[in-house]
Amino acid sequence: MPRTTFRIAPLVFALTAAVSAAHAAPPASTPAATAAIAESTNAILQGDSQRAVTALRASPAAGFVDKDAVYRACMLARHGDAPVFATDAIADGFARQVLHDYQDYWWHAMKAPQQRAQLEAKLLATLRKRIGPDANDAKDMDALEPILQGQLLAHGYRAQLGRTLPLRELMMWRKQETRPWKVELPEGPYTVKVELLDDWVSRGWTSYGRCERGSAGGWATAEALYAVVPSYTEGLDSEAFRVVFLGHETQHFADQNAFPGMASWELEYRAKLVELAQAREVSAKRLGSFITAQGDDPDSPHTYANKRVVADLTAKLGAAPDKVSIERLQQAARDQLAEDTARRKAAAPGAEAVAR
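Quick summary incoming for the structure in this document. By convention here, each chain's residues receive numbers from 1 onward along its written sequence. In keeping with the predicted nature of the model, local features appear solely for residues at pLDDT of at least 70, side-chain atom pairs appear and are counted solely at 80 or more, and the whole-chain, interface and lining totals rest on all residues. The basis for every side-chain value is the complete set of heavy atoms in the structure, and neither hydrogens nor water enter the calculation.

Digging into helix 13 (residues 326-347)
- The end-to-end C-alpha distance of helix 13 is 32 Å, a good match for the 32 Å that 22 residues give at a rise of 1.5 Å each.
- Buried within helix 13 are the following residues: L329, Q330, A332, A333, Q336, L337, D340, T341 and R344.
- Buried-residue contacts for helix 13 involve helix 9 (239-258), helix 10 (264-278), helix 11 (283-292) and helix 12 (301-317). Put simply, DSSP marks the helices as runs of H or I at least four residues long and the strands as runs of E at least two long, and each gets a number from the N terminus on. Helix span is expected to be 1.5 Å times the residue number reduced by one. Classification of residues uses two cut-offs on accessible area relative to the type maximum, computed with a 1.4 Å probe and protein chains only: under 20% is buried, over 50% is exposed, and between them is partly exposed. Contact criterion: two residues are considered in contact whenever any of their non-hydrogen atoms come within 4.5 Å of each other.

Here is the structure:
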């Protein structure tokens, strides 16, 4: 993590005191406000904006400071009585209207989770009209998305579609660079192709739903890893990139090849263990996010995997994972991953080794 060192000459006490005051730690939000933000994040990741808003309203506004106060105000406005669209920065009319369609769908689907299927059908109908005759034969979103992807590319925008459970996804960017990367996983090295994605106009529904406070850092397919470069503000040499992206997503890549057909939450479970097995600088932050964002629905794979990871490590450690040393936590995560691998290999003889 970056560190700033202030070199202060010991001239007189008054000068020292003044400089120290100037660099005092900024005021922090109250514990109640911090907990409300964590609960709102958990709710959005499960596709439930009203639970997020309820959590933020329940904590006094005065307890939110600086960027947290901005976040609270934005969330209450964005998830209020009518959709708020964040599309003005897109000059291209077609791309702007497509993102408008998705944001309208996201807003309503998060406000009324029980209506997701109907709202997805409405999105399909809207996009068919938007695309025109090329989409006439598209019976569902899976059939329509390749057509939409091609049209967006013709307008200068690359796109990731499909589904980031529980909602349909639209991520859009303009710049892409390919690099090979050798990644050290707990169970051996793995070489992957990494696509570095930049110049973003939409980082998906988890970003829209959280007022752009966070988003997916990347994803994996059977062919490559895709990195959302702006997510890694400390650079591509940082532990956040090496562990949270490369380690996490390469484990997905390895697992998809070694154990085809794994459920989304199972992929997340194993990748989160890799993060905890390898992280030091970002360990507390990542573990904290797992602890505060837990859920019981496998269709919300991140929050469901978080709950399983926390429960399994607690049982293995005999203590809460955030109450032990990093060394103990890392070893427990490595052991848990190895045990899970052994179970999968026993259940599917002939599964590939991780090292490549």
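Examining the pairing of strand 5 (residues 188-203)
- Strands qualify as paired when DSSP identifies two bridges or more between them. As judged from the 14 bridges shared by strand 4 (residues 171-185) and strand 5, these two strands associate in the antiparallel manner. Bridging from a neighbouring strand, K175 pairs with D198 of strand 5.
- Where strand 4 hands over to strand 5, the hairpin turn is made up of two residues, counted between the paired strands.
- Sheet topology places strand 5 next to strand 7 (residues 225-228); four bridges connect them, and they run parallel. Across the sheet, residue E195 finds its bridge partner in strand 7, namely Y226.

Points about the nonpolar core
- Within this scheme, the nonpolar core is defined by two criteria: the residues are buried Ala, Val, Leu, Ile, Met, Phe, Trp, Tyr or Cys, and they are joined through side-chain atoms within 4.5 Å. Ranked by internal contacts, the top residues of the largest apolar core, which has 44 residues, are Y102, W106, L148, L152, L170 and M172.
- Listed by contribution, the elements that provide at least two residues to this core are helix 2 (31-45), helix 3 (49-58), helix 4 (67-78), helix 5 (93-111), helix 6 (116-131), helix 7 (141-154) and helix 8 (205-208).
- Looking at this core, the element that brings in the most residues is helix 5, giving 10 residues.
- Other than its neighbours up to four places away in sequence, L148 contacts F94, V98, Y102, L127, I131 and L161.
- Counting 41 residues, the second largest nonpolar core, distinct from the first, contains L196, A220, L287 and A332.

Things to note about the sheet that holds strand 4
- Spatially, 1-4-5-7-6 is the arrangement adopted by the five strands of the open sheet, whose pairing is mixed. Looking at the sheet topology across the chains shown, the edges are occupied by strand 1 (158-160) and strand 6 (218-220). The sheet shows a mean angle of 30 degrees between the axes of neighbouring strands, taken without regard to direction.
- Both strand 6 and strand 7 contribute to a ladder of three bridges, which runs antiparallel. Along strand 7, the bridge assignment pairs G218 with A227. Axis angles are defined between N-to-C directions and span 0 to 180 degrees, where every axis is a line fitted to C-alpha atoms and, for a helix, only to the segment in contact.

Looking at helix 2
- For helix 2, with 15 residues, the first-to-last C-alpha span of 21 Å sits near the 21 Å given by 1.5 Å per residue.
- Considered for burial, the residues of helix 2 that qualify are A33, A36, I37, A38, S40, T41, N42, A43 and I44.
- Looking at the packing, one finds that the buried side of helix 2 touches helix 3, helix 4, helix 5, helix 8, helix 11 and helix 12.
- Downstream of helix 2 by a residue or two, G47 has a phi angle that is positive, lying close to 75 degrees.

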